[in-house]
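# Understanding the architecture of this molecule
This is what each chain is made of:
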Amino acid sequence: MIAYKEVKSILNKHKKRDSWFLDDYSLNPYEGCGFNCTYCYVHGSKYGENLAEKIVIKKDAAAILDKQLANRAKKKEFGFIAVGSATDAYMQVEAEVDLTKELLQVILKHRFPVFISTKSELIKRDIDLLKQIDVNAILPEDLKQSPGRGVIISFSFSTLDEKLARQIEPGAPNPQKRLETLKICSDNGFLCGVNAMPLLPYISDTEEEIEKIVAAAKQYGANYILIAGLTLFGNDERDNKQLVFRFLRNNYPDLLEKYEKMYGSAYYSSWQYQQELKKRGDALCERYKIKNSIR
(Lines give C-alpha, C1' and ligand atoms only; values in the text may rest on other atoms or scores of the structure.)
Protein backbone atom coordinates (compact mmCIF):
# COMPACT_ATOMS: atom_id res chain seq x y z
CA MET A 1 0.00 0.00 0.00
CA ILE A 2 1.27 3.45 -0.94
CA ALA A 3 -0.04 6.62 0.67
CA TYR A 4 0.80 10.30 0.35
CA LYS A 5 1.41 12.72 3.18
CA GLU A 6 1.67 16.49 3.32
CA VAL A 7 4.71 17.74 5.24
CA LYS A 8 5.97 21.20 6.13
CA SER A 9 9.61 20.17 6.44
CA ILE A 10 11.79 17.38 5.11
CA LEU A 11 15.25 18.45 6.28
CA ASN A 12 16.24 17.74 9.89
CA LYS A 13 19.13 19.64 11.48
CA HIS A 14 21.06 17.74 14.15
CA LYS A 15 22.09 19.37 17.40
CA LYS A 16 25.60 18.12 16.70
CA ARG A 17 27.32 16.28 13.88
CA ASP A 18 27.06 12.49 13.90
CA SER A 19 30.50 11.21 14.87
CA TRP A 20 30.19 8.03 12.78
CA PHE A 21 28.55 9.20 9.55
CA LEU A 22 29.62 12.88 9.69
CA ASP A 23 26.13 14.17 8.85
CA ASP A 24 24.78 17.48 10.15
CA TYR A 25 21.39 16.93 8.52
CA SER A 26 19.13 14.05 7.65
CA LEU A 27 16.14 13.57 5.40
CA ASN A 28 13.86 10.64 4.64
CA PRO A 29 11.99 10.64 1.33
CA TYR A 30 9.63 7.96 2.64
CA GLU A 31 8.09 6.58 5.79
CA GLY A 32 7.97 2.82 6.09
CA CYS A 33 10.39 0.49 4.32
CA GLY A 34 9.86 -2.41 1.96
CA PHE A 35 13.03 -4.16 3.15
CA ASN A 36 11.29 -4.88 6.49
CA CYS A 37 14.40 -5.84 8.46
CA THR A 38 13.49 -7.58 11.71
CA TYR A 39 16.10 -5.74 13.77
CA CYS A 40 15.28 -2.23 12.47
CA TYR A 41 15.01 0.25 15.36
CA VAL A 42 12.23 2.08 13.48
CA HIS A 43 9.79 -0.76 14.24
CA GLY A 44 7.36 0.46 16.87
CA SER A 45 8.05 4.16 16.29
CA LYS A 46 5.60 6.51 14.62
CA TYR A 47 7.52 5.84 11.40
CA GLY A 48 7.51 2.08 11.74
CA GLU A 49 3.87 1.12 12.11
CA ASN A 50 3.20 -1.58 9.49
CA LEU A 51 6.71 -0.89 8.27
CA ALA A 52 6.56 -2.83 5.00
CA GLU A 53 2.81 -2.80 4.39
CA LYS A 54 2.38 0.97 4.18
CA ILE A 55 4.88 3.15 2.35
CA VAL A 56 4.27 6.87 2.76
CA ILE A 57 5.50 9.30 0.09
CA LYS A 58 6.05 12.87 1.22
CA LYS A 59 4.20 15.25 -1.08
CA ASP A 60 6.08 18.16 -2.68
CA ALA A 61 9.23 17.00 -0.91
CA ALA A 62 11.60 18.38 -3.57
CA ALA A 63 10.02 21.86 -3.53
CA ILE A 64 10.11 21.95 0.27
CA LEU A 65 13.75 20.83 0.33
CA ASP A 66 14.62 23.46 -2.28
CA LYS A 67 13.40 26.22 0.05
CA GLN A 68 15.07 24.74 3.12
CA LEU A 69 18.45 24.27 1.44
CA ALA A 70 18.32 27.71 -0.17
CA ASN A 71 17.99 29.17 3.31
CA ARG A 72 20.83 27.05 4.71
CA ALA A 73 23.09 27.80 1.74
CA LYS A 74 22.45 31.53 2.07
CA LYS A 75 23.75 31.28 5.64
CA LYS A 76 26.63 29.07 4.46
CA GLU A 77 25.48 26.27 6.77
CA PHE A 78 26.83 23.50 4.58
CA GLY A 79 27.08 19.99 5.96
CA PHE A 80 26.55 16.36 5.04
CA ILE A 81 22.94 15.29 4.57
CA ALA A 82 22.17 11.68 5.50
CA VAL A 83 19.72 10.61 2.82
CA GLY A 84 17.55 7.81 4.22
CA SER A 85 18.38 7.64 7.92
CA ALA A 86 15.16 6.00 9.15
CA THR A 87 14.34 4.12 5.96
CA ASP A 88 16.26 3.03 2.87
CA ALA A 89 16.05 5.79 0.27
CA TYR A 90 16.51 3.21 -2.50
CA MET A 91 13.87 0.67 -1.52
CA GLN A 92 11.53 -0.82 -4.12
CA VAL A 93 9.10 2.12 -4.45
CA GLU A 94 11.93 4.46 -5.48
CA ALA A 95 12.20 2.63 -8.81
CA GLU A 96 8.65 3.78 -9.54
CA VAL A 97 8.48 7.33 -8.18
CA ASP A 98 12.10 8.65 -8.34
CA LEU A 99 11.66 10.77 -5.22
CA THR A 100 15.19 10.17 -3.92
CA LYS A 101 16.55 11.14 -7.32
CA GLU A 102 14.54 14.37 -7.28
CA LEU A 103 15.88 15.22 -3.83
CA LEU A 104 19.46 14.53 -4.92
CA GLN A 105 18.98 16.92 -7.85
CA VAL A 106 17.93 19.62 -5.37
CA ILE A 107 20.93 18.80 -3.18
CA LEU A 108 23.21 19.17 -6.22
CA LYS A 109 21.63 22.54 -7.03
CA HIS A 110 22.52 23.87 -3.57
CA ARG A 111 25.90 22.07 -3.41
CA PHE A 112 25.44 20.10 -0.20
CA PRO A 113 27.41 16.88 0.42
CA VAL A 114 25.54 13.62 1.08
CA PHE A 115 25.97 10.44 3.09
CA ILE A 116 23.90 7.51 1.82
CA SER A 117 23.48 4.21 3.64
CA THR A 118 21.67 1.56 1.62
CA LYS A 119 21.17 -2.13 0.93
CA SER A 120 19.94 -1.51 -2.60
CA GLU A 121 21.32 -2.03 -6.09
CA LEU A 122 19.15 0.86 -7.31
CA ILE A 123 21.78 3.38 -6.27
CA LYS A 124 23.60 2.43 -9.50
CA ARG A 125 20.91 4.36 -11.39
CA ASP A 126 22.14 7.62 -9.84
CA ILE A 127 25.90 7.19 -10.30
CA ASP A 128 26.21 10.09 -12.75
CA LEU A 129 24.16 12.39 -10.51
CA LEU A 130 26.17 11.40 -7.45
CA LYS A 131 29.42 12.08 -9.32
CA GLN A 132 28.24 15.64 -9.90
CA ILE A 133 27.40 16.06 -6.22
CA ASP A 134 30.78 14.60 -5.26
CA VAL A 135 32.79 17.22 -7.15
CA ASN A 136 30.49 20.22 -6.63
CA ALA A 137 29.57 19.93 -2.94
CA ILE A 138 30.79 22.57 -0.50
CA LEU A 139 32.23 20.90 2.59
CA PRO A 140 32.44 22.27 6.12
CA GLU A 141 35.93 23.67 6.71
CA ASP A 142 36.98 20.86 9.06
CA LEU A 143 35.98 18.15 6.56
CA LYS A 144 37.74 19.57 3.51
CA GLN A 145 40.88 17.52 4.07
CA SER A 146 39.24 14.39 5.44
CA PRO A 147 37.08 12.91 4.06
CA GLY A 148 37.43 15.66 1.44
CA ARG A 149 34.60 14.23 -0.67
CA GLY A 150 31.06 15.35 -1.41
CA VAL A 151 29.54 11.85 -1.45
CA ILE A 152 29.98 8.99 1.01
CA ILE A 153 28.22 5.70 0.26
CA SER A 154 27.85 2.91 2.83
CA PHE A 155 26.38 -0.52 2.20
CA SER A 156 24.74 -2.16 5.22
CA PHE A 157 25.22 -5.77 6.30
CA SER A 158 24.22 -7.70 9.39
CA THR A 159 25.46 -10.97 7.90
CA LEU A 160 26.87 -12.41 4.69
CA ASP A 161 24.92 -15.64 5.20
CA GLU A 162 22.20 -15.59 2.57
CA LYS A 163 19.82 -17.88 4.44
CA LEU A 164 20.02 -15.75 7.58
CA ALA A 165 19.68 -12.56 5.52
CA ARG A 166 16.45 -13.86 3.96
CA GLN A 167 15.08 -14.45 7.46
CA ILE A 168 15.97 -11.10 9.02
CA GLU A 169 16.01 -8.84 5.92
CA PRO A 170 13.24 -10.42 3.84
CA GLY A 171 12.69 -7.55 1.40
CA ALA A 172 16.31 -6.51 0.88
CA PRO A 173 18.69 -7.50 -1.93
CA ASN A 174 20.89 -10.40 -0.88
CA PRO A 175 24.35 -9.69 0.57
CA GLN A 176 26.22 -10.76 -2.57
CA LYS A 177 24.30 -8.24 -4.70
CA ARG A 178 25.17 -5.53 -2.18
CA LEU A 179 28.85 -6.44 -2.40
CA GLU A 180 28.73 -6.31 -6.19
CA THR A 181 27.06 -2.88 -6.04
CA LEU A 182 29.72 -1.72 -3.59
CA LYS A 183 32.38 -2.78 -6.11
CA ILE A 184 30.67 -0.85 -8.91
CA CYS A 185 30.48 2.30 -6.79
CA SER A 186 34.09 1.91 -5.68
CA ASP A 187 35.23 1.37 -9.27
CA ASN A 188 33.44 4.61 -10.18
CA GLY A 189 35.67 6.46 -7.75
CA PHE A 190 33.32 7.01 -4.82
CA LEU A 191 34.35 6.97 -1.18
CA CYS A 192 32.57 3.76 -0.17
CA GLY A 193 32.34 1.65 2.94
CA VAL A 194 30.47 -1.00 4.84
CA ASN A 195 28.16 -0.60 7.82
CA ALA A 196 28.49 -3.95 9.61
CA MET A 197 25.53 -3.18 11.81
CA PRO A 198 23.73 -4.36 13.64
CA LEU A 199 25.65 -7.57 14.24
CA LEU A 200 23.52 -10.13 16.08
CA PRO A 201 25.03 -11.43 19.33
CA TYR A 202 26.14 -15.08 19.15
CA ILE A 203 25.00 -15.25 15.51
CA SER A 204 26.82 -12.77 13.30
CA ASP A 205 29.15 -11.18 15.87
CA THR A 206 31.51 -14.15 16.13
CA GLU A 207 35.17 -13.75 15.19
CA GLU A 208 34.63 -15.92 12.11
CA GLU A 209 31.58 -14.01 10.88
CA ILE A 210 33.09 -10.56 11.44
CA GLU A 211 36.23 -11.61 9.60
CA LYS A 212 34.13 -12.71 6.62
CA ILE A 213 32.53 -9.26 6.46
CA VAL A 214 35.83 -7.39 6.86
CA ALA A 215 37.52 -9.57 4.22
CA ALA A 216 34.64 -9.07 1.79
CA ALA A 217 34.61 -5.31 2.40
CA LYS A 218 38.28 -5.17 1.49
CA GLN A 219 37.88 -7.44 -1.54
CA TYR A 220 35.00 -5.41 -2.99
CA GLY A 221 36.66 -2.03 -2.65
CA ALA A 222 35.43 -0.54 0.63
CA ASN A 223 37.53 2.29 2.06
CA TYR A 224 36.28 1.69 5.60
CA ILE A 225 34.08 -0.53 7.73
CA LEU A 226 31.94 0.54 10.69
CA ILE A 227 31.07 -2.19 13.18
CA ALA A 228 28.31 -2.03 15.79
CA GLY A 229 26.03 -4.30 17.79
CA LEU A 230 22.28 -4.66 18.11
CA THR A 231 19.95 -2.17 19.78
CA LEU A 232 16.57 -3.44 20.97
CA PHE A 233 13.67 -1.12 21.71
CA GLY A 234 10.29 -1.60 23.32
CA ASN A 235 7.94 -4.22 24.68
CA ASP A 236 5.07 -3.80 22.22
CA GLU A 237 4.68 -6.67 19.77
CA ARG A 238 5.54 -4.29 16.90
CA ASP A 239 8.83 -3.17 18.46
CA ASN A 240 12.11 -4.54 17.19
CA LYS A 241 12.91 -6.14 20.55
CA GLN A 242 9.85 -8.35 20.37
CA LEU A 243 10.36 -9.08 16.69
CA VAL A 244 13.95 -10.18 17.32
CA PHE A 245 12.89 -12.33 20.28
CA ARG A 246 10.20 -13.94 18.12
CA PHE A 247 12.83 -14.67 15.47
CA LEU A 248 15.04 -16.25 18.13
CA ARG A 249 12.21 -18.41 19.49
CA ASN A 250 11.55 -19.74 15.99
CA ASN A 251 15.15 -20.19 14.87
CA TYR A 252 17.61 -19.99 17.78
CA PRO A 253 15.65 -20.92 20.91
CA ASP A 254 18.85 -21.80 22.77
CA LEU A 255 19.92 -18.13 22.51
CA LEU A 256 16.80 -16.63 24.09
CA GLU A 257 18.10 -16.80 27.63
CA LYS A 258 21.39 -15.23 26.60
CA TYR A 259 19.64 -12.32 24.91
CA GLU A 260 17.33 -11.80 27.88
CA LYS A 261 20.36 -11.71 30.16
CA MET A 262 22.28 -9.42 27.82
CA TYR A 263 19.53 -6.85 27.32
CA GLY A 264 17.09 -7.29 30.20
CA SER A 265 15.17 -4.00 30.39
CA ALA A 266 17.97 -2.08 28.62
CA TYR A 267 18.05 -0.97 25.00
CA TYR A 268 21.76 -1.58 24.58
CA SER A 269 24.18 -4.38 25.31
CA SER A 270 26.68 -3.77 28.10
CA TRP A 271 29.58 -1.36 27.76
CA GLN A 272 31.93 -4.31 28.20
CA TYR A 273 30.34 -6.14 25.25
CA GLN A 274 30.55 -3.04 23.06
CA GLN A 275 34.22 -2.54 23.92
CA GLU A 276 35.03 -6.18 23.22
CA LEU A 277 33.23 -5.99 19.86
CA LYS A 278 35.15 -2.83 18.99
CA LYS A 279 38.45 -4.42 20.00
CA ARG A 280 37.87 -7.46 17.80
CA GLY A 281 36.69 -5.32 14.89
CA ASP A 282 39.65 -2.96 15.13
CA ALA A 283 42.10 -5.87 15.14
CA LEU A 284 40.54 -7.33 12.00
CA CYS A 285 40.56 -3.93 10.26
CA GLU A 286 44.25 -3.62 11.05
CA ARG A 287 44.93 -7.13 9.76
CA TYR A 288 43.11 -6.47 6.49
CA LYS A 289 44.42 -2.91 6.19
CA ILE A 290 41.03 -1.22 6.02
CA LYS A 291 40.00 1.87 8.00
CA ASN A 292 37.62 1.51 10.95
CA SER A 293 36.15 4.99 10.46
CA ILE A 294 35.28 7.28 7.56
CA ARG A 295 37.90 9.90 8.44
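Use the structure listed above.
First, a word on what this report is: a plain description of the structure on this page. The model shown is predicted, which means the values in this text are computed figures rather than measured ones.

The rules behind the values
Residues numbered from 1 in each chain as written. Predicted model: local features only at pLDDT ≥ 70, side-chain atom pairs only at ≥ 80, totals over all residues. Heavy atoms only, no water. Helix = DSSP H or I, 4+ residues; strand = E, 2+ residues; numbered from the N terminus. Rg over C-alpha atoms; globule rule 2.2 N^0.38 Å. Buried < 20%, exposed > 50% of the residue type's maximum accessible area, 1.4 Å probe, protein only. Pairing = 2+ DSSP bridges. Contact = heavy atoms within 4.5 Å. Axes fitted to C-alpha atoms, helices over the stretch in contact; angles between N-to-C directions. Phe/Tyr/Trp six-rings, centres within 6.5 Å; stacked < 30°, edge-to-face > 60°. Core = buried A, V, L, I, M, F, W, Y, C linked by side-chain atoms within 4.5 Å. Parallel < 35°, antiparallel > 145°, perpendicular 65-115°, else oblique. Left-handed = near helix turned anticlockwise from the far one by under 90°. Nonpolar A, V, L, I, M, F, W, Y, C, P; charged D, E, K, R; others polar.

### With respect to the overall build of the protein chain
Counting secondary structure elements, the protein chain contains 10 helices and 10 strands. Against the 2.2 N^0.38 benchmark of 19 Å for 295 residues, the protein chain shows a C-alpha radius of gyration of 19 Å, consistent with a compact globule. Overall, the protein chain is about 55 × 45 × 35 Å in size when its C-alpha atoms are taken along their principal axes. Going through the 295 residues of the protein chain one by one, you find that 54% of them count as buried.

### What about the sheet that holds strand β3 (residues 23-27)?
Read across the sheet, 7 strands follow the order β2-β3-β6-β7-β8-β9-β10 without closing on themselves; strand pairing throughout is mixed. Edge positions in the sheet fall to β2 (12-13) and β10 (224-227), since each has one partner strand and no second. Pairing of strand β9 (residues 191-196) with β10 involves 4 bridges; the strand directions are parallel. By the bridge assignment, Gly193 is partnered in β10 with Tyr224. Relative to β10, helix α7 (residues 207-219) is tilted by about 155 degrees, and along the sheet it contacts β9 and β10.

### Side note on the pairing of strand β5 (residues 55-59)
Across the 5 residues of β5, 4 count as buried, placing the element largely inside the fold. By the bridge criterion, 5 bridges tie strand β1 (residues 2-6) to β5 in an arrangement that is parallel. Bridged to Glu6 within β5 is Lys59. Pairing of strand β4 (residues 30-31) with β5 involves 2 bridges; the strand directions are antiparallel. Residue pairing across strands places Glu31 opposite Val56, the latter belonging to β5.

### As for the sheet that holds β4
Strand order in the open sheet made by the 3 strands is β1-β5-β4, with mixed pairing throughout. Unpaired on one side and paired on the other, β1 and β4 mark the two borders of the sheet.

### Side note on the packing of aromatic side chains
Taken as a whole and assessed by the stated rule, the structure comprises 9 aromatic pairs. Look at Phe78 and Phe112: their rings are 4.8 Å apart centre to centre, the planes differ by 45 degrees, and that puts the pair in the tilted class. With Phe78 in the loop between α1 (61-74) and β6 (80-83) and Phe112 in the loop between α3 (99-110) and β7 (114-118), this residue pair connects regions lying 34 residues apart in the sequence. Accessibility assignment for this pair places Phe78 and Phe112 in one class, buried. Each ring, one from Phe233 and one from Tyr267, has its centre 4.7 Å from the other, and the planes form 50 degrees; the classification is tilted. A residue pair is termed long-range when its members are at least 10 positions apart, and Phe233 in the loop between β10 and α8 (240-251) and Tyr267 in the loop between α9 (256-263) and α10 (271-288) qualify at 34 residues. Owing to a relative accessible area of 24%, Phe233 belongs among the partly exposed residues under this scheme.

### Considering the nonpolar core
Among the nonpolar cores identified, the biggest contains 83 residues, and Leu104, Ile107, Leu130, Ile225 and Tyr259 are the most heavily contacted of them. Those residues within four positions of Leu104 in sequence are excluded, and the remaining contacts are Val83, Tyr90, Val114, Ile116, Asp126, Leu129, Leu130 and Ile133. Ranked by size, the runner-up nonpolar core spans 14 residues in total, among them Phe21, Ala82, Ile152 and Ile294.

### Looking at the packing of α7 against α10
One way to put it is that α7 packs onto α10 with a least axis distance of 10 Å and a crossing angle of 40 degrees. Taken as axis vectors, α7 and α10 run oblique relative to one another. Handedness of the crossing formed by α7 with α10: right-handed. Between α7 and α10, the residues in contact are Glu207, Ile210, Glu211, Val214, Ala215 and Lys218 and Leu277, Arg280, Leu284, Cys285, Arg287 and Tyr288, respectively. Here the contact of α7 with α10 is built from residues that sort into 7 nonpolar, no polar and 5 charged.

Purely geometric stuff here, so don't read any function into it on its own.
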